[in-house]
Amino acid sequence: MAVTGRIHKGIGGFYYVETADGLYECKARGAFRKQRITPLVGDRVEITVNPQGENTIDTILPRKNELRRPPLANLDRLFIVSSLVDPEIRTVQIDKLTVLAAQKGIDCVIVLTKADLAENGQQYADIYKTAGYPVVLCNARSGAGADELPALISGKLCAFTGNSGVGETSKKLGRGRHTTRHCELYPVAGGWVADTPGFSALELERDAEIDKDELPGCFPDFRPYLGDCRFNSCTHVADKGCAVCAAVERGEISESRHNSYVEFYNQVKDIKKWERK
């Protein structure tokens, strides 16, 4: 019997596929190994259900995106979670994740926690709202912010990522604890949330396969100005006649966002396309 479903967990060479008829444990056909294709959590797949033996994944349907680390496919929305204090917010890490998501065609939501312990929460919320991202400002004392999340998750395949310790830090280590070892999807608020080993090791040069010419378009707050620079070759770093730099000076683009862009540009500017393969 052939049915279609989505991989919800993969571990030890077995894949667990959720279908309209239930959950099936499957093995991938040997042809995938020969083609060096690995099924990923989030993949839509066609499987053969064999009551007398092993169920098999026969076809992986086209992916709209895929991530290497964590191994995940068809992600709709990435929630980038950052504490404002304990540990301190790191805007460059948030910005790196927004760039990676933009390059993969994944929507982002910025979630800022511990607003009850910080005085600068609205300041950072405004930076990302101005940049064009939905922002959720969470206050553990009043409960504000948490009620906004279900509507943002509903109907979407989502993942949460961010700096370690956004919810609670280890008193001994001063950072959060990591326990997840594999990807798995869980039903939440009418959508699906991927529990993943984390995104902390992602690097622009290696994981995003992005070059310097694509980078400006991964900043939505830059896009209205990209056609207005004096020179077509403008790098938007400190070029004469740069419309992006002028917008930063006018306060229309956050200085911290532009600083992140400059840092990322310097990381990728000398990487050749053939070196990414």
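Tallied over the full model, the rule gives seven aromatic pairs. Between Phe-222 and Tyr-261, the aromatic rings sit 5.2 Å apart at their centres with planes inclined by 65 degrees, giving edge-to-face as the arrangement. Note that Phe-222 is positioned in the loop between α5 (204–208) and α6 (243–249) and Tyr-261 in helix α7 (residues 255–268), a separation of 39 residues in sequence. On the basis of relative accessibility, which here comes to 0%, the residue Phe-222 falls in the buried class. Both rings, one in Tyr-261 and one in Tyr-265, keep their centres 6.1 Å apart while their planes meet at 35 degrees; by these two values the pair is tilted. In this pair, Tyr-261 and Tyr-265 are both assigned in helix α7, four residues apart and thus about one turn of the helix distant. According to the relative accessible area criterion, Tyr-261 is buried, its value standing at 0%. Among the residues examined, Tyr-265 registers a relative accessible area of 11% and is labelled buried. Among the aromatic residues, ring-to-ring pairing joins Phe-219, Phe-222, Tyr-261, Phe-264 and Tyr-265 into one connected group. Above the plane of the ring of Tyr-16 lies Lys-9, whose end atom (NZ or CZ) is 4.9 Å from the centre. The ring of Phe-14 carries Lys-27 above its face, with NZ or CZ at 4.7 Å from the centroid.

Here we come to the environment of Thr-91. Within the secondary structure, Thr-91 sits in helix α2 (residues 91–104). Its relative accessible area of 16% is what places Thr-91 among the buried residues. In the structure, Thr-91 is positioned 165 residues away from Ser-256 in sequence and 7.2 Å away in space, judged by C-alpha atoms. In contact with Thr-91, other than residues within four places in its own chain, are Tyr-124, Tyr-128, Ser-256 and Ser-260.

Here the focus is the pattern of salt bridges. Scanning the entire structure with this criterion turns up eight salt bridges. The closest approach of N and O atoms between Arg-77 and Asp-107, which form a salt bridge, is 3.9 Å. Here the residue Arg-77 occupies a position in strand β8 (residues 77–83), and Asp-107 occupies one in strand β9 (residues 107–113), the gap between them amounting to 30 residues. Its relative accessible area of 15% is what places Arg-77 among the buried residues. The exposure class assigned to Asp-107 is partly exposed, which follows from its relative accessible area of 42%.

About the thresholds
Residues numbered from 1 in each chain as written. Predicted model: local features only at pLDDT ≥ 70, side-chain atom pairs only at ≥ 80, totals over all residues. Heavy atoms only, no water. Phe/Tyr/Trp six-rings, centres within 6.5 Å; stacked < 30°, edge-to-face > 60°. Helix = DSSP H or I, 4+ residues; strand = E, 2+ residues; numbered from the N terminus. Buried < 20%, exposed > 50% of the residue type's maximum accessible area, 1.4 Å probe, protein only. Lys NZ or Arg CZ within 6 Å of the ring centre and 35° of its normal. Contact = heavy atoms within 4.5 Å. Salt bridge = Lys/Arg side-chain N within 4 Å of Asp/Glu carboxyl O.

These figures capture arrangement, not role.
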